Each structure stands twice: as structure tokens, then as C-alpha cells.
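As a plain string of letters, each chain reads:
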Amino acid sequence: MFGTVSTLTNNMKHLMLVGGLVIPTLFSCSNSGNSGPCDWYPEEFVRMEIAKVEVIQNDPVKYEIWLEFDRSGLGKELQPLSKWKDVDITPEFLDRNDIHPGIIYLGYVNELKEGDCEPFYVSFNSKFVQPE
């Protein structure tokens, strides 16, 4: 009989120890603020028009392409293409892709509602051709 009570007592000690470690951890995770998952507004279909192309470096010559979004928070000001696409914008790049003001791209924007993720994700298929 003492073996059963002793085993039960040891099991209770282990359960209390595990409970004492797990429960505070759960509470600290639930109170961690914005470090958890992010919440997004529904994906929004957008129109992005090339508003201007400007020289940003002279030697070697580099450009920035400025996009005007028709909706989402990105429509508040012109957006640099280099922020959304990893491209080296040279005179050859502009020529190969026939880039000039007035060209329109279509795509999607995901805008952050809550959390600490990137505030926007932009996706569009531009099919840019890199110079050889």
C-alpha cells in the first residue's frame, strides 16, 4: 500500500512541477502584444501606372521608376518600383522593356491590419527582361 501512495505522491510532484512551468509560459505567450501572427485586410486588385522615370545616379546611369497606385494605402504617394521588384534599372533595362510614363501594370496589394509584419505586399507579373 505504501508503494502506491508513494508513487501517487511522486506523480503529483511531477505534475505540479510541469504545470508550474507550462502554465506561466502559456500566459506569457498570450500577453506578448503584436509579436504574434499578423492580420491582413482582404487582398485588393490594383492598377499601377508609371508616373515618371528619373535618373537617380549618373556614373553609371541608374533610374528609378515611380508608380502611381489607384487604391490601397500605397495610393497616397508615388511608389518606387525598386521597392517592389529587385531590378537594376539602367538605360538598357528601360529600352529592353519599353518603359515610359503611362504604362499600366495590374496586380494585388495585401495591406496589414494588425501585427508587426511588413505593412504591404505587392504582387504583379511585369515580365521584365534583364539586359544581356
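Residues numbered from 1 in each chain as written. Predicted model: local features only at pLDDT ≥ 70, side-chain atom pairs only at ≥ 80, totals over all residues. Heavy atoms only, no water.

## Quick word on the pairing of strand S2 (residues 44-58)
The side chains of a regular strand alternate between the sheet's two faces. For S2 and strand S5 (residues 104-114), the ladder comprises six bridges, and the chain directions are antiparallel. The residue bridging Met 48 from the neighbouring strand is Tyr 105, located in S5. Across nine bridges, S2 lies against strand S3 (residues 61-69) in antiparallel orientation. Looking at the pairing, Met 48 lines up with Phe 69 of S3. Linkage of S2 to S3, two consecutive antiparallel strands, is achieved through a turn of two residues. (Pairing = 2+ DSSP bridges. Helix = DSSP H or I, 4+ residues; strand = E, 2+ residues; numbered from the N terminus.)

## Notes on the pairing of strand S6 (residues 120-123)
Judged by which residues are buried, S6 turns out to be one-sided: Phe 120 and Val 122 face inward and are buried, whereas Tyr 121 and Ser 123, on the alternate face, are not. Bridge count for S5 against S6 is four bridges, and the pairing is antiparallel. Pairing of Glu 111 across the sheet is with Phe 120, part of S6. Hairpin connection between S5 and S6: a loop of five residues separates the two successive antiparallel strands, and Gly 115 in this loop has a positive phi of roughly 120°. (Buried < 20%, exposed > 50% of the residue type's maximum accessible area, 1.4 Å probe, protein only.)

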